[in-house]
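Spelled out, the chains give:
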Amino acid sequence: MNLTLKIWRQSGPTSDGAMHTYQLADVSPDMSFLEMLDVLNEQLNEKGEEPIAFDSDCREGICGQCGLMINGDAHGPEVTTTCQLHMRSFTDGETITIEPWRSDAFPVLRDLVVDRGAFDRIIQAGGFVSVNTGSAPEAHSVPVPKDDADRAFNVATCIGCGACVAACPNGSASLFMGAKVTHLGLLPQGQPERDERVVNMVAQHDHEGFGGCTNIGACTAACPKEIPLDVISQLNKDLRTAIKHGH
Amino acid sequence: MSTQLKTPTLVKGARASRTTIALKLGMALSGFVFLGFVLAHMYGNLKAFAGHDAFNEYAEHLREIGEPMLPHEGLLWILRVGLIGSLVVHVYCAVVLWRRAARARTTKYVMKKQTGATRASLMMRWGGVTILLFLVWHLLNFTIGKVNVQGGATNDPYNLLVDTFDVWWSTAIYIVAMLALGAHLHHGIWSAAQTLGWTGTAAKRQRAKTVGFVIALIVSVGFSLVPLAVLAGIITK
């Protein structure tokens, strides 16, 4: 495959960036999207140019590090992470536009790399359960209904990649927060801190500069883990309950 | 772009009532007040099909509800105060959330698809502005100003209605407004249900979306029937 790549280049957090165009020949359809960028970077290295910076780690779709806006879709045209996207999803001769996540809460550090520390701070604000450390308790000592356990597990698959924010026309992180609040709220261990959790997480979310949700649904369409919109309803319900409890 | 990176801080003393979700709750609850209003208003409008006297009697009766316990137009003013209050809440929350959304992405994408979004969901803000502008004209037309676009009398509600919708461009304004209202309700009703936390499963979400679509259709068609019937000569003086 021969491709024309339009890629955002930016040398540092405070410098101005611009789209640059690159030609890449002989791309195998079996390459992953990131391997295709690796090939481009090798060629740039050989020419003595600065390679394109992008995030990646596990390259098996479970770590949440990679994430690019590809032709206007977060993680590209398939429902998966950028590392699990393959070049067979594109056509020979295609022009591919590659941009970093655009959110003022995720500042661009360099080229396609953004700082998602805002997500860490939302988790720090309330996305946890406080438990005594030491020897693990007997797993069956706290019963959890099967449906709740399944649902908690399904939404716990959120890898915090930020595609929901990147896709949202409002730049909201509600799907991310909803996944965490639903996951912990379904389990007995999540109950003692339930009200504080939702209030602190949403307040931190707002403080970071994410937008408010208008239930458009672009987030769930972009989510590589297919987190459903239900979790935003649960998030809203938990916040409403917290208001009722005087938080 | 190219601004100095902020030093991140953690929020202290968070209050639920100060969050974006509290604003969304304000949108949802005030929106439901408007939904109740438009359904009642549409019912009243359809009285036009019952003829001159039935329509005008209905209009007069609205002013007499609760008499003599309430003064003339008493209940009407209670409802109006509730509606004005809801309008203030709805517009205030919308403006704050709109500004937040604009600040959340100051550098736009070169290329962005709206995968997974319905057209109605993307039209909420400008559609809302359209409805607000229409509301100003509508109140000037029938309530505050009583403007007869044909220059005739304005003291008879039924005749003012017929005079208004006999003019094609006047009817066109109302039809465009009802399309905007229909789109607004189509997304707004299910979105409000979601904001209130009523759509915690895929089945409930689908039900809320269906209810939203059906009510939006009923309201936009129901309101459009009277102007179109006047223009078609079905409703006459």
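Here the structure is a predicted model, which means the values were calculated and not measured.

What counts, and at which threshold
Residues numbered from 1 in each chain as written. Chains lettered and ligands numbered in written order. Predicted model: local features only at pLDDT ≥ 70, side-chain atom pairs only at ≥ 80, totals over all residues. Domains from an automatic or database assignment. Contact = placed C-beta atoms within 7 Å. Nonpolar A, V, L, I, M, F, W, Y, C, P; charged D, E, K, R; others polar. Pairing = 2+ DSSP bridges. Helix = DSSP H or I, 4+ residues; strand = E, 2+ residues; numbered from the N terminus. Core = buried A, V, L, I, M, F, W, Y, C linked by C-beta atoms within 7 Å. Buried ≥ 20, exposed ≤ 12 C-beta atoms within 10 Å, placed from the backbone. Axes fitted to C-alpha atoms, helices over the stretch in contact; angles between N-to-C directions. Parallel < 35°, antiparallel > 145°, perpendicular 65-115°, else oblique. Left-handed = near helix turned anticlockwise from the far one by under 90°.

Draft legend 1. Molecular detail of the domain arrangement of chain A. Residue and element names in this part refer to chain A. Domains assigned within chain A are domain 1 (3–110) and domain 2 (116–132 + 141–244). On a C-alpha basis, the centres of domain 1 and domain 2 stand 28 Å from each other. Counting residues at the interface gives 18 residues for domain 1 and 17 residues for domain 2. Per-class residue counts for the side of domain 1 that touches domain 2 are eight nonpolar, seven polar and three charged.

Draft legend 2. Quick peek at the sheet that holds strand β5 (residues 95–99) of chain A. Residue and element names in this part refer to chain A. A sheet is described by the order of its strands in space; here five strands give the open sequence β2-β1-β5-β3-β4, paired in mixed fashion. Both outer strands of the open sheet, β2 (18–24) and β4 (73–74), are each paired with one neighbouring strand and no more. Strand direction decides the pairing type here: strand β1 (residues 3–9) and β5, joined by four bridges, are parallel. Residue pairing across strands places Thr 4 opposite Thr 95, the latter belonging to β5.

Draft legend 3. Local environment of the nonpolar core. Membership of the largest hydrophobic core comes to 94 residues, with the highest contact counts inside it found for A:Cys164, A:Ala167, A:Leu175 and A:Ala222. Ranked by residues supplied to this core, first place goes to helix α7 (residues 168–195) of chain B with eleven residues. Mapped onto the domain boundaries, this core takes at least three residues apiece from domain 1 (3–110) and domain 2 (116–132 + 141–244) of chain A. Each residue touching A:Ala167, except ones within four places of it in the same chain, is listed here: A:Ala74, A:Ala218, A:Cys219, A:Ala221 and A:Ala222.

Draft legend 4. Quick look at the environment of B:Gly116. Its location among the elements puts B:Gly116 in the loop between α3 (74–104) and α4 (119–122). Not counting residues within four places of it along the chain, the set of residues in contact with B:Gly116 comprises A:Gly217, A:Ala218, A:Thr220 and A:Ala221.

Draft legend 5. Examining the interface of chain B and chain A more closely. Listed per partner, the contact involves 49 residues of chain B and 56 residues of chain A. At the level of elements, α1 (20–46), α3, α4, α7 and α8 (202–231) of chain B are the ones that each hand at least two residues to the side of chain B that touches chain A. Tallied by class, the residues present in the side of chain B that touches chain A amount to 22 nonpolar, 19 polar and eight charged.

Draft legend 6. The arrangement of the packing of helix α2 (residues 117–126) of chain A against helix α6 (residues 194–208) of chain A in detail. Residues and elements named next belong to chain A. Axis separation between α2 and α6 bottoms out at 7 Å; the angle between their running directions is 155 degrees. Of the possible angle classes, the one that applies to α2 and α6 is roughly antiparallel. For the crossing formed where α2 meets α6, the hand is right-handed. Each of Ala 118, Arg 121, Ile 122, Ala 125 and Gly 126 in α2 lies in contact with α6, whose residues at this interface are Glu 196, Arg 197, Asn 200, Met 201, Gln 204, His 205 and Glu 208. Here the contact of α2 with α6 is built from residues that sort into four nonpolar, four polar and four charged.

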